[in-house]
Amino acid sequence: MSFRNAPLAVSRDQDQSALFNAEIRAAIDALIAKYPPEWKQSAVMPALTLLQDSNGGWLTTELMDALAVYLDMPEVAVYEVATFYGMYDLTPQGRHKVCVCNSISCLLNGSEELIEHIEHKYGVKPGETTADGRFTFKEVECLGACRHAPAVLLDKTYHEKLSPESLDRLIDGLE
Amino acid sequence: MTDKLTIEIDGRACEATPGEMIIAVADREGIVIPRFCYHQKLSIAANCRMCLVEAEQGGRPFPKPVPACATPVGNGMKVWTRSPKAIEAQQGTMEFLLINHPLDCPICDQGGECELQDVAMGYGDDVSRFVERKRVVKDEDLGPLIATEMTRCIHCTRCVRFCAEIAGVRELGATGRGEEVRIGTFVAHAVTHELSGNVIDLCPVGALTSKPYRFTARAWELTARDGIAPHDSVGSNLRLHVRGQRVMRVHPRDNEAVNETWIADRDRFSYAGLDSLDRLTAPLLKEDGVWRTVDWSEALTRVAERLKSADPAETGWLMAPNATLEECYLAARIARELGCPHIDHRLRQQDFRSDDADPLVPWLGLPIAELEVQRCVLLVGSDLRQEQPLLAHRLRKAVLDGAQMICINPIRLDLNHPARQIVGTPAAMIADLAAIAKRLGVSATGALKDCIAVSEPGDEHDMAADCLSRMGEQGRGLILLGALATAHPDFSLLKALAHAIAEASNCRIGYLPAAANSVGAYLAGAHPQRLPGARPTDQPGLSLGGMLAAPRRTLVLWGLEPDRDLGNPAGAMAAFDKADFVVACSAFRSPSLERVADVLLPIGAFAETSGTFVNAAGLWQRFQGAVPPPGEARPGWKVLRVLGNLLDLKGFDYRDGAQVRDELAALCADAVIDNAVRGEFPLTNGPTESALMRIGPVPIYALDPLVRRAPALQQMTMPGSAFGVYLHPDQAADLGLNAGDTVRLTQNEATATAQVILDDRVPMGCARIPSGVAGSEGLGDQIGPISLARLTESDTGERR
Ligand code: SF4
Ligand code: FES
Ligand code: FES
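Residues numbered from 1 in each chain as written. Chains lettered and ligands numbered in written order. Predicted model: local features only at pLDDT ≥ 70, side-chain atom pairs only at ≥ 80, totals over all residues.

Here we look at the nonpolar core
Right, on to step 1. L67(A), A331(B), L433(B) and I501(B) are the most contacted members of the largest nonpolar core, which has 286 residues in total.
Right, on to step 2. Leaving out residues up to four positions away in the same chain, L433(B) has contacts with V380(B), I408(B), L494(B), L497(B), A498(B) and I501(B).
Right, on to step 3. Core analysis: the next-biggest nonpolar cluster, separate from the first, contains 16 residues, C99(A), L114(A), I118(A) and L143(A) among them. (Core = buried A, V, L, I, M, F, W, Y, C linked by C-beta atoms within 7 Å. Buried ≥ 20, exposed ≤ 12 C-beta atoms within 10 Å, placed from the backbone. Contact = placed C-beta atoms within 7 Å.)

Topic: the UniProt feature "binding site: [2Fe-2S] cluster" (unreviewed entry) in chain A
Residue and element names in this part refer to chain A.
Right, on to step 1. Per the UniProt record, "binding site: [2Fe-2S] cluster" (unreviewed entry) is annotated on C101, C106, C142 and C146. A maximum C-alpha distance of 9.3 Å is found for the annotated residues, which run over 46 residues; spatially they form one tight group.
Right, on to step 2. Structurally, C101 can be placed in strand β1 (residues 96-101).
Right, on to step 3. C101 gets classed as buried once you count the C-beta atoms within 10 Å, which come to 28.
Right, on to step 4. Every residue in contact with C101, bar those within four places of it in the chain, is listed here: C106, S111, V140, C142, L143, P150 and A151.
Right, on to step 5. Here C106 falls in the buried class, since 26 other C-beta atoms lie within 10 Å of it.
Right, on to step 6. Among residues more than four places away in sequence, those in contact with C106 are C101, S111, A149, P150 and A151. (UniProt positions renumbered as here; feature names shortened; annotations may be inferred. Helix = DSSP H or I, 4+ residues; strand = E, 2+ residues; numbered from the N terminus.)

Side note on the environment of V32(B)
Right, on to step 1. As for its position among the elements, V32(B) is in the loop between α1 (22-29) and β3 (52-57).
Right, on to step 2. In sequence terms V32(B) and G76(B) are 44 residues apart; their C-alpha atoms lie 20 Å from each other.

Thoughts on the domain arrangement of chain B
Residues and elements named next belong to chain B.
Right, on to step 1. Segmentation of chain B into domains returns domain 1 (5-80), domain 2 (99-275), domain 3 (284-354 + 516-668), domain 4 (368-511) and domain 5 (693-790).
Right, on to step 2. With centres defined by C-alpha atoms, the gap from domain 4 to domain 5 works out at 25 Å.
Right, on to step 3. Of the residues contributing to the side of domain 4 that touches domain 5, the split by class is eight nonpolar, four polar and three charged. (Domains from an automatic or database assignment. Nonpolar A, V, L, I, M, F, W, Y, C, P; charged D, E, K, R; others polar.)

Thoughts on the UniProt feature "domain: 4Fe-4S His(Cys)3-ligated-type" (unreviewed entry) in chain B
Right, on to step 1. Taken from the UniProt record, the annotation "domain: 4Fe-4S His(Cys)3-ligated-type" (unreviewed entry) applies to residues 85-124 of chain B.
Right, on to step 2. Within the segment residues 85-124 of chain B, helix and strand shares are 60% and 0% respectively, and the terminal C-alpha atoms sit 14 Å apart.

Let's talk about the sheet that holds strand β27 (residues 599-602) of chain B
Pairing between the strands of a sheet is mediated by backbone hydrogen bonds and can be parallel or antiparallel.
Residue and element names in this part refer to chain B.
Right, on to step 1. Here we have seven strands laid out as an open sheet, ordered β15-β14-β27-β26-β25-β16-β17, and mixed in their pairing. Both edges of this open sheet fall to β15 (290-293) and β17 (343-344), since each of them pairs with a single strand only.
Right, on to step 2. Sheet topology note: the strand β25 (residues 554-558)/strand β26 (residues 581-586) ladder contains five bridges and is parallel. Counterpart to V556 in the pairing with β26 is V583.
Right, on to step 3. Each of β14 (284-287), β25, β26 and β27 is contacted by helix α7 (residues 296-309), which is oriented at about 125° to β27, the strand it contacts most. (Pairing = 2+ DSSP bridges. Axes fitted to C-alpha atoms, helices over the stretch in contact; angles between N-to-C directions.)

Some words on the pairing of β26(B)
All names here are of chain B.
Right, on to step 1. Taking burial as the measure, the six residues of β26 include six buried ones, the bulk of the element.
Right, on to step 2. Burial of β26 is two-sided: the residues F581, V583 and C585 facing one way and the residues V582, A584 and S586 facing the other way are all buried.
Right, on to step 3. Crossover handedness for the path β25 to helix α18 (residues 569-577) to β26: right-handed.
Right, on to step 4. The pairing of β26 with β27 spans four bridges and is classified as parallel. Its bridge partner lying in β27, V583 is registered against V599.
Right, on to step 5. Each parallel crossover has a hand, and the one from β26 via helix α19 (residues 591-596) to β27 is right-handed. (Right-handed = clockwise from strand over helix to strand, strands pointing away.)

Notes on the UniProt feature "domain: 4Fe-4S Mo/W bis-MGD-type" (unreviewed entry) in chain B
Right, on to step 1. According to UniProt, the positions carrying the feature "domain: 4Fe-4S Mo/W bis-MGD-type" (unreviewed entry) are residues 222-278 of chain B.
Right, on to step 2. Secondary structure over residues 222-278 of chain B splits into 9% helix and 35% strand, and the C-alpha atoms at its two ends are 26 Å apart.

Some thoughts on unusual backbone geometry
Right, on to step 1. Following A149(A), the chain continues into P150(A) via a peptide bond in cis, with omega recorded as -5°.
Right, on to step 2. Position of P150(A) relative to the elements: it lies in the loop between β2 (135-140) and β3 (152-154).
Right, on to step 3. Its identity as a non-glycine residue notwithstanding, D288(B) has a phi of 50°, on the positive side.
Right, on to step 4. Tracing the sequence through the fold places D288(B) in the loop between β14 and β15.
Right, on to step 5. C-beta crowding within 10 Å serves as the criterion here: with 5 such atoms nearby, D288(B) is assigned to the exposed category.
Right, on to step 6. In this model, A534(B) sits at a positive phi of 60°, which is unusual for a non-glycine residue.
Right, on to step 7. Here A534(B) shows up in the loop between β23 (530-531) and β24 (535-536).
Right, on to step 8. A534(B) gets classed as buried once you count the C-beta atoms within 10 Å, which come to 23.

What follows is the structure, given as structure tokens:
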């Protein structure tokens, strides 16, 4: 047996043009066009991001199932991707996401302190949303910004070399 | 790329093929490399890291240990599997793998035969430095066959790859990441694939184990005996695990030519039927309607007297198609030596008009493994996955490799690969074949000509004809006739068309034999027109159809339940009721046997008798009994031997089963099995089609008496298995019926009641009503006209 087995495609008798809305379909189609036709499934990650952004920052099982139909993939293969990566959320989220890196470089440079600080000051544990719904606090794996550790991803922006104070200032700026 | 190269493993020079992985070379050389995720029949995942070895290429060592399962060989490569560096890597991997493993071997079913246990003993260190809390994983319910204990899972993903690559349904998956990884279906639903049980063998740990076997025995208490599966025509090679006098479980035995390393769930779990409470354990005689237990000599003397005094012209023998070769041969001998040529095993065939033209031994037409290299397959009348799960697997491989499959069926199949499905009524099946024949320019005479002349080929017929003739040219085209073709009221016409198409397109033709020994039954002479050795006879007897039309005065029934195993149960019961004397040899008691029989003789079932099965590809496979039959029951061939002696027949002093077989083998020495027709198919007009036709496939777990008694298989909810009337939603609307309505079904005199189930896989003009299952006993032909009438509440009230 080899490494390379063509992706398992499942075609269903479901009308793909009734899924999502025209705008999202066009956006996903543009993603699909970047890959060879039999590798339609490669668009799964950017498509999940797109769907998540259009749904207030989280993915429902229905959305994932619909994407599976749209990309001719098995549902469970979409779940595998969505559960593997920290950037996908499968439960309702706050208005913003504060993602603190908990991997080695950041830990050595004080991310533990950041984590404790958020837990105490805002009363949230990792994965929880503040009572006012302002943000969801997440611990994530290495953000790839190790050289300026500790790093925090705030929604879609990287912030580096943070201290509890500078982090507070960032959070204060969130509506 | 075909050049060989040489590598060195642990100082030994080994020949290898470019592109091969180190582990494959080591396996061939008998050098042990531990592994969990690697499996020869699955794609490479390289995620367990248990196979790490030290290696160098061209004098330069790899910077770190490499996974042997995912490192291709190179010329002059050197590999060390037991060097200090390799051992350190293996111990490290083992320690990591055990971090989250519960180490609950004393209460784990896999204990004693666990790859994790073995590898930990061989390659692990003796203590773990891990003192933190271990994780616990919630179990998933994977249905009645597979027990789960997911905390034990080491995430090798063999089960996930099996489902995706072999089963073709991606139901299992690995969700989450790192410590959070879980194997499961995420959105829980039971696994209902016909090969699902194989994940039990694949799972290297005790995460997936057999539910029926759970906690009943320990691996080291079991003795392994070889066996052959008694259900479909593949003849899968089995290993029966026996404790004392009981079969505790069944595993596959590798045989590339037959079942590779897989077996169907039907072969794996049917053994439980051996413990059924209605086993027949002593000979019984019916006197004035009351059953009395008697000893063998009284029972057999009675049978011998009655057979001897009976008019052979009015006697009949019916053999189950999974009776052993020896049983079929001895039965055929006794019947013919008493002057009775009326013996048949084709229990689910309806149309016998072409008996004179049929091939001598209808068989698959090619070795099983060659199914994989076909490039165009025309499947006529077969619910393949339900009928022959492992042949379906071979054909799936062919399709994934680029073959075209075209199906002509009276129901749409759930397939796990692409196929062109042409679905229509039984009459439409004929029209479709005729249209393909027309496109191929088949020149025919008589009825066949008319039938082809009126057909109107469409695009799909063009495509089929084109594909068949292109691939036929290359010798890679195949036409297969399945169980729904056999049960078709116009089987002769279907055959005539199929053979004509095969000839015109240079394709091969194959029959999918009904059961484990259908091919053997032809060879043994359990057929009204075949003598042992599959030689034609000039004194043809009556087929099953003939015996039902002219009911027998004396009957011998072998290994079958008349209201479940025959194509027309109501017709059969009515005919058998007219007999003066019926002797039934059976492993089980059943109400229908008790009703029609006068003597019940207990015979050994699967695993309780020695014998031989001849599989679809004509392979003779001999097996020994693994356990003794219960109580007074005896292996069937011995019962027939004694009966032969009591009847004073010559040459019944066989010492053992092997002698019976050898005698038949000598008769078969020059039997050629090929699917050549021996004459013109007689084409009188078949039964006319009515407004509504019953389509009665036999569900996968209703095939024979043993399967029907295996509790775990009976709990499976396979699609289309439950008794009911499956109608297309539009058909139901036309008939004014809704889902859940109770209807009375009428086929001539035969009736039954059932509930309406909506199913868009059934074509218009058809009602799918399964055969062989509880509820279907009162019905007539598997495929034939039927009428439905809704029962109102007062009707159902009256009936009570
Ligand atoms: S359940 Fe068994 S086969 Fe499946 S991933 Fe876990 S250990 Fe491997
Ligand atoms: S460890 Fe935090 S960004 Fe890499
Ligand atoms: S067997 Fe090689 S990594 Fe699992």
